[in-house]
Amino acid sequence: MTYVSLSPKFQVVIPKEVRNRLKLLPKQKFSVIEKGGVIYLIPEIPLKKMKGFFQGKSLDTSPLREKTDRL
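Residues numbered from 1 in each chain as written. Predicted model: local features only at pLDDT ≥ 70, side-chain atom pairs only at ≥ 80, totals over all residues. Heavy atoms only, no water.

### Section: the overall build of the protein chain
Item 1. Looking only at helices and strands, the protein chain has one helix and two strands in total.
Item 2. Expressed as a percentage of the 71 residues in the protein chain, the buried residues total 3%.
Item 3. In the protein chain, 6% of the contacts between residues at least 6 apart in sequence involve partners at least 24 apart.
Item 4. Roughly 7400 Å² of accessible area belongs to the protein chain as shown, and the carbon and sulfur atoms make up 61% of that amount. (Helix = DSSP H or I, 4+ residues; strand = E, 2+ residues; numbered from the N terminus. Buried < 20%, exposed > 50% of the residue type's maximum accessible area, 1.4 Å probe, protein only. Contact = heavy atoms within 4.5 Å. Areas by Shrake-Rupley, 256 points an atom, 1.4 Å probe, with all protein chains shown as cover.)

### With respect to a nonpolar patch on the surface
Item 1. A grouping of Val 4, Leu 6, Phe 10 and Val 12 is seen on the molecular surface, where their side chains present a nonpolar patch of about 430 Å² in accessible area.
Item 2. Checked against the element boundaries, Val 12 lands in the segment before helix H1 (16-22).
Item 3. A relative accessible area of 48% places Val 12 in the partly exposed class. (Patch = residues over 30% accessible without salt bridge, like charges linked within 9 Å, V, L, I, M, F, W, Y side chains within 5 Å. Salt bridge = Lys/Arg side-chain N within 4 Å of Asp/Glu carboxyl O.)

### Examining the environment of Val 32
Item 1. With respect to the helices and strands, Val 32 occurs in strand E1 (residues 30-35).
Item 2. Look at Val 32 and you get exposed, because its relative accessible area is 59%.
Item 3. For Val 32 and Pro 43, which are eleven residues apart along the polypeptide, the C-alpha to C-alpha distance reads 9.0 Å.
Item 4. Setting aside chain neighbours within four positions, we find Val 32 in contact with Ile 39, Tyr 40 and Leu 41.

### Some points on the pairing of strand E2 (residues 38-43)
Item 1. Pairing geometry for E1 and E2, over six bridges, is antiparallel. Each bridged residue has a counterpart across the sheet, and for Val 32 the counterpart in E2 is Leu 41.
Item 2. Count of turn residues in the E1/E2 antiparallel hairpin: two residues, of which Gly 36 carries a positive phi of about 60 degrees. (Pairing = 2+ DSSP bridges.)

Have a look at this one:
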């Protein structure tokens, strides 16, 4: 497990091994979600990279969210 610190400017550095594994780029944007005291950083993916993403996959999204998050 890798640990990081929050700087006085409230900045966090993502460890190099994680950046390499996820192929993150400088200036890449993230969605930040807090749920149950846990912070999630979700990299935004350009639409061009999403082309064909759902090809051959079921479009049933019910297992993707918890029932309490659904409208």
